[in-house]
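Secondary and tertiary structure notes
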2 protein chains.
Amino acid sequence: MASNGPIAILAGSGQLPIQLLKHLEQTGRDYRVLAFRGFAAPELRRRAHASADLLDLKTIMRVLDGWQPKAVALVGAVRRPGFSALLGAYSLLRNRQEVKEVIARGDDQVLRGAVMLLEERGHKVVGAHELAPGLVAPQDLRGALVPGEDDRQAIAVGLDLLNSLSAFDIGQAAIVAREHVLAIEGPEGTDRMLRRVMRLRQSWFGLRRRKEGGVLIKAAKRGQDLRVDMPTIGPKTLVEAAQAGLSGIAIGMGSTFVLEQEETLRTADRLGLFLVSVELPWMEADHG
Amino acid sequence: MASNGPIAILAGSGQLPIQLLKHLEQTGRDYRVLAFRGFAAPELRRRAHASADLLDLKTIMRVLDGWQPKAVALVGAVRRPGFSALLGAYSLLRNRQEVKEVIARGDDQVLRGAVMLLEERGHKVVGAHELAPGLVAPQDLRGALVPGEDDRQAIAVGLDLLNSLSAFDIGQAAIVAREHVLAIEGPEGTDRMLRRVMRLRQSWFGLRRRKEGGVLIKAAKRGQDLRVDMPTIGPKTLVEAAQAGLSGIAIGMGSTFVLEQEETLRTADRLGLFLVSVELPWMEADHG
């Protein structure tokens, strides 16, 4: 590892890795990208310097040894690997049952394991939020609309709920209407949770698309390693929240990525949703 | 209300009302059934003495006044009303927005409101578990299989999780594999939660149907009014748990209905799943 080496990006799915590369280019940073097969978006794969199966640790470590990076970032989603990605990994590992157990054990533990492994090899692991602080939800994030009284109540209940769930290996988001919890995110992810609430409401209220209210609350867990799997929203999240009939989204201040911040706020305004960043009571220690 | 009047059953969907009627007949009890339109199963509707829309309180109260029941039981599920049921109710009520808000407010609060309303009218509200204790999970409920070490860990995590969620208006069930929470039940119900986990695992492991492990933990909430919405399982729950790749089901002892207990246990054995009743730490006060 050379202190003047490039930044190595191990890239999974989603827009975050692409946004990060743009930021690194704008700031003139030297970087190398290793794209995870079956996860990385086509645009990212075209810009990648190497690719590997998610579970092909031998190739990953060999590539990193070659790059001698000054820091390594794990960026983008790698949960819910496609079956093809898993099969690729299986072909390289002796104990298939073991691979399946790692995958099934929980996102946190898989990612924590990856960080430990990289650090043991002498790599410095950094978060995308450290490389590109501009991607993180600022304190004054605010669209044209503000939460009403019902929404503020829902946000308080949602934060309380996520705090209670912090100890468990479970999602970082919930949907609450006033005091009624409509959904808690599991490993399926925010998009599928939003669609679940959309279907639920269709069965309650019929097929009409209208704003029934409710808030998506998305926040990092207490004790969460923000270098991996930091919560992320973008314009798509707003579109899906609108389809689920929600009135807005509240995200954890300083600990959530907002992709394409201007476009995200424009989408919120256009769809009549509020978007606010809120202080997470359990993250206070991090401010000091 | 006459002390020698019949037992009035206000019946929603599912098998529980039908099982309850069978029990009341076997024990020679006098009863009357009011079936909720859009919820009650065909078999129940054929045996009902009256029917009404769920939200048509005027008709419901008039029927009850006529029966002079010595006790009233709210039995079966009434959440997620079909759109037709809602429309029927809308036609009778002036403020449609109000109806929608009641429906959207949360199961607990709707049911608690119904109990209060009945009690205000001078009715004694009893639970199906008081009328037919034989339908409730006994302490020694046990199939041929017993939970393994992973499963016992999952049960402990699941109970801990449900305990943490007790304060919130949310489901009474979760699916846990070892320490990994795969799903928390929202208003969508246990069956849809099980299908969610099935789909999740298909995306992880491909389309093969095999036992990946994990436990459905289903239990009454702390402070839950067991007279309404007591958790219920039956043979169908076992079939769906098997399809989701689970290794078994754990339910709250003394506070969960087991429909067709013998058939439920036979189904568990046939599908290779365990089924156990567990003590709920937060229900201890009820034992004394």
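Residues numbered from 1 in each chain as written. Chains lettered and ligands numbered in written order. Predicted model: local features only at pLDDT ≥ 70, side-chain atom pairs only at ≥ 80, totals over all residues. Heavy atoms only, no water.

Secondary structure summary: chain A contains 11 helices and 12 strands in total. Looking at chain A residue by residue over its 288 residues, the buried ones come to 57%. For chain A, the computed accessible surface area is about 12300 Å², with 49% contributed by carbon and sulfur atoms. (Helix = DSSP H or I, 4+ residues; strand = E, 2+ residues; numbered from the N terminus. Buried < 20%, exposed > 50% of the residue type's maximum accessible area, 1.4 Å probe, protein only. Areas by Shrake-Rupley, 256 points an atom, 1.4 Å probe, with all protein chains shown as cover.)

Further remarks concern the pattern of salt bridges. Oppositely charged side chains can pair when the atoms bearing their charge come close. Residue and element names in this part refer to chain A. Counted under the stated rule, the structure contains 22 salt bridges over all chains. When the shortest N-O distance is used, the salt bridge between D65 and R121 registers 3.9 Å. On the criterion of sequence distance, the pair formed by D65 in helix α3 (residues 57–67) and R121 in the loop between α6 (107–120) and β5 (125–126) is long-range, its members being 56 residues apart. Judged by relative accessible area, which is 40%, D65 ranks as partly exposed. Salt bridges here are not isolated pairs; linked through shared partners, they connect E25, E43 and R47. (Salt bridge = Lys/Arg side-chain N within 4 Å of Asp/Glu carboxyl O.)

A few words now on the pairing of strand β7 (residues 180–184) of chain B. Residue and element names in this part refer to chain B. With 5 of its 5 residues buried, β7 lies for the most part within the structure. Bridge count between strand β6 (residues 173–177) and β7: 4 bridges; the pairing is antiparallel. Bridging from a neighbouring strand, A174 pairs with I184 of β7. In sequence, β6 turns back onto β7 through a hairpin of 2 residues, with R178 there showing a positive phi of about 50 degrees. (Pairing = 2+ DSSP bridges.)

Further remarks concern the environment of B:L74. Residue and element names in this part refer to chain B. Among the structural elements, L74 can be located in strand β4 (residues 71–75). Taking the C-alpha atoms as reference, L74 lies 8.9 Å from A114; in sequence the two are 40 residues apart. With near-sequence residues (within four places) excluded, L74 lies in contact with L10, A114, V115, L118, V126, R227 and V228. (Contact = heavy atoms within 4.5 Å.)

Residue and element names in this part refer to chain B. Strands sit in the order β7-β6-β8-β10-β12 across an open sheet of 5 strands; the sheet is mixed. Taken across any chain shown, the strands that pair with only one partner, and hence form the sheet edges, are β7 and β12 (274–278). Strand-to-strand twist in this sheet, taken as the mean axis angle between neighbours without regard to direction, amounts to 20 degrees. Two elements, strand β10 (residues 248–252) and β12, share 5 bridges in a ladder whose sense is parallel. Across the sheet, I249 pairs through a bridge with L275, a residue of β12. The sheet strands contacting helix α8 (residues 149–165) are β6, β7, β8 (215–218), β10 and β12, and the helix crosses β8 at an angle near 35 degrees. (Axes fitted to C-alpha atoms, helices over the stretch in contact; angles between N-to-C directions.)

Our next topic: the environment of A:Q172. Residues and elements named next belong to chain A. Tracing the sequence through the fold places Q172 in the loop between α8 (149–165) and β6 (173–177). Distance from Q172 to T190, taken between C-alpha atoms, is 8.7 Å for residues 18 residues apart in sequence. Residues within four places of Q172 in sequence aside, it is in contact with L162, I217, K218, A219, A220, K221, Q224, D229 and P231.

Attention now moves to the environment of B:I170. With respect to the helices, strands and loops of the structure, B:I170 is situated in the loop between α8 and β6. A residue is classified by how much of its surface remains accessible, and B:I170, at 5% relative accessible area, is buried. With 15 residues separating them in the primary sequence, B:I170 and B:E185 have C-alpha atoms 7.2 Å apart. Not counting residues up to four positions away in its chain, the partners in contact with B:I170 are A:V181, A:I184, B:L165, B:E185, B:G186 and B:K221.

Next up on the list: the sheet that holds strand β1 (residues 7–11) of chain A. Residues and elements named next belong to chain A. Within the open sheet, the 5 strands sit side by side as β3-β2-β1-β4-β5. Their pairing is parallel. A single partner strand is all that each edge strand has here, and the edge strands are β3 (50–52) and β5. In this structure, β1 lies alongside strand β2 (residues 31–36), joined through 5 bridges in parallel fashion. When the bridges of β2 are listed, I7 appears paired with Y31. Sitting on the sheet, helix α1 (residues 16–26) touches β1, β2 and β4 (71–75), and the angle it makes with β1 is about 160 degrees. Most of the contacts of α3 go to β2, to which it runs at about 175 degrees, and overall it touches β1, β2, β3 and β4.

Right, let's talk about the packing of helix α10 (residues 235–243) of chain A against helix α11 (residues 261–271) of chain A for a bit. Residues and elements named next belong to chain A. Here α10 crosses α11 at 20 degrees, and the two axes come no closer than 8 Å. Classified by the angle their axes make, α10 and α11 are roughly parallel. The chirality of how α10 crosses α11 is right-handed. Across the interface between the two elements, P235, L238, V239 and A242 of α10 pack against E263, T264, T267, A268 and L271 of α11. By residue class, the composition of the contact of α10 with α11 is 6 nonpolar, 2 polar and 1 charged. (Parallel < 35°, antiparallel > 145°, perpendicular 65-115°, else oblique. Left-handed = near helix turned anticlockwise from the far one by under 90°. Nonpolar A, V, L, I, M, F, W, Y, C, P; charged D, E, K, R; others polar.)

We now examine unusual backbone geometry. Glycine aside, a negative phi is what most residues show, and trans is what most peptide bonds show. All names here are of chain A. Look at Q68: it is not a glycine, yet its phi comes out positive at around 50 degrees. Structurally, Q68 is set in the loop between α3 and β4. In this structure, R178 takes a positive phi of about 50 degrees despite not being glycine. Within the secondary structure, R178 is located in the loop between β6 and β7 (180–184).

By the element assignment, B:S247 lies in the loop between α10 (235–243) and β10. Once residues lying within four places of it in the same chain are set aside, the contact partners of B:S247 are B:D151, B:K211, B:G213, B:G214, B:V215, B:G272, B:L273 and B:F274.

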